[in-house]
Amino acid sequence: QVQLVESGGGLVQAGGSLRLSCPFSGGTFSDYTMGWFRQAPGKEREFVGGISGDGGTAYYAHSVKGRFTISRDNAKNTVYLQMNSLKPEDTAVYYCAAEAASFGIVPIDNYDYWGQGTQVTVSS
């Protein structure tokens, strides 16, 4: 069974940076598209960024493009989300997710496995 465990969240001031990590276990990591999503209080879970199994293709939500970078290390079975120039509106629980079938990076319904989430709070 695939398992995902996010880490790296915390409290940061606006303009600061955080790096989230998500180790993967229970399958062949390079076979999975990986995504990061977030959910703020009272809002639906939304796509942040995603990356193909070979790391060659990445997509970002418009709200984070140019500030966030998703990457993966297939030798370490880990996906990362580097978040720079953080804003208070980035405050949310951040989840990593894995998609086995490679139907597409963006749609949330394509993802089969989810981590428990890590809280990111950006103060103004």
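Presented here is an overview of the structure given in this document. (Residues numbered from 1 in each chain as written. Predicted model: local features only at pLDDT ≥ 70, side-chain atom pairs only at ≥ 80, totals over all residues. Heavy atoms only, no water.)

1. Structural notes on the environment of Ala-101
Relative to the helices and strands, Ala-101 resides in the loop between β9 (92-99) and β10 (113-114). Judged by its relative accessible area of 42%, Ala-101 falls in the partly exposed class. With 30 residues separating them along the chain, Ala-101 and Ser-71 place their C-alpha atoms 19 Å apart. (Helix = DSSP H or I, 4+ residues; strand = E, 2+ residues; numbered from the N terminus. Buried < 20%, exposed > 50% of the residue type's maximum accessible area, 1.4 Å probe, protein only.)

2. Structural notes on the sheet that holds strand β8 (residues 78-83)
Within a beta sheet, neighbouring strands are joined by backbone hydrogen bonds and run either parallel or antiparallel to one another. Across the sheet, which stays open at both edges, the four strands sit in the order β1-β3-β8-β7 with antiparallel pairing between neighbours. Looking at the sheet topology across the chains shown, the edges are occupied by β1 (3-4) and β7 (68-73). In this structure, β1 lies alongside strand β3 (residues 18-25), joined through two bridges in antiparallel fashion. Within β3, the residue paired with Leu-4 across the bridge is Phe-24. (Pairing = 2+ DSSP bridges.)

3. Considerations on the pattern of salt bridges
Counted according to the given criterion, the structure contains three salt bridges. Between Arg-38 and Glu-46 there is a salt bridge, and its shortest N-O distance comes to 2.7 Å. With relative accessibility at 6%, the residue Arg-38 sits in the buried group. Glu-46 sits in the partly exposed class, given a relative accessible area of 36%. Notably, a salt bridge pairs Asp-90 with Arg-67, separated by 2.7 Å at the nearest N-O pair. On the criterion of sequence distance, the pair formed by Asp-90 in the loop between β8 and β9 and Arg-67 in the loop between β6 (58-60) and β7 is long-range, its members being 23 residues apart. By relative accessible area, Asp-90 is classed as buried at 0%. Three or more residues joined by partner-sharing salt bridges are found here, namely Arg-38, Glu-46, Arg-67 and Asp-90. (Salt bridge = Lys/Arg side-chain N within 4 Å of Asp/Glu carboxyl O.)

4. Here's the deal with the packing of aromatic side chains
Per the counting criterion, the structure on display carries seven aromatic pairs. Taking the centre distance of 5.0 Å and the plane angle of 55 degrees together, the rings of Phe-24 and Tyr-32 count as tilted. The exposure class assigned to Phe-24 is buried, which follows from its relative accessible area of 4%. Following the ring pairs from residue to residue traces out a cluster consisting of Phe-24, Phe-29, Tyr-32 and Tyr-113. We note Arg-45 situated over the ring of Trp-114; from NZ or CZ to the ring centre the distance is 4.9 Å. (Phe/Tyr/Trp six-rings, centres within 6.5 Å; stacked < 30°, edge-to-face > 60°. Lys NZ or Arg CZ within 6 Å of the ring centre and 35° of its normal.)

5. Let's talk about the pairing of strand β11 (residues 118-123)
Only one face of β11 is covered, namely the face carrying Thr-118, Val-120 and Val-122; the face carrying Gln-119, Thr-121 and Ser-123 is uncovered. Here strand β2 (residues 10-13) pairs with β11 via four bridges, running parallel. Paired with Gln-13 across the bridge in β11 is Ser-123. Judged from the three bridges that link them, β9 and β11 form a sheet pairing that is antiparallel. For Tyr-94, the partnering residue across the bridge sits in β11 and is Thr-118.

6. Concerning the side chain of Glu-99
Tracing the chain through its elements places Glu-99 in strand β9. For the buried residue Glu-99, which engages in no salt bridge, the nearest side chain bearing the opposite charge is Arg-72, 9.2 Å off. There is a polar contact of 3.1 Å between the side chain of Glu-99 and the backbone nitrogen of Gly-104. Ignoring anything within four residues of it in the chain, the contact list for Glu-99 reads Asp-31, Tyr-32, Thr-33, Gly-104, Ile-105, Asn-110, Tyr-111 and Asp-112. (Lys, Arg positive; Asp, Glu negative; His and termini not counted. Polar contact = N/O pair within 3.5 Å; in protein donor to acceptor, adjacent residues only side chain to side chain. Contact = heavy atoms within 4.5 Å.)

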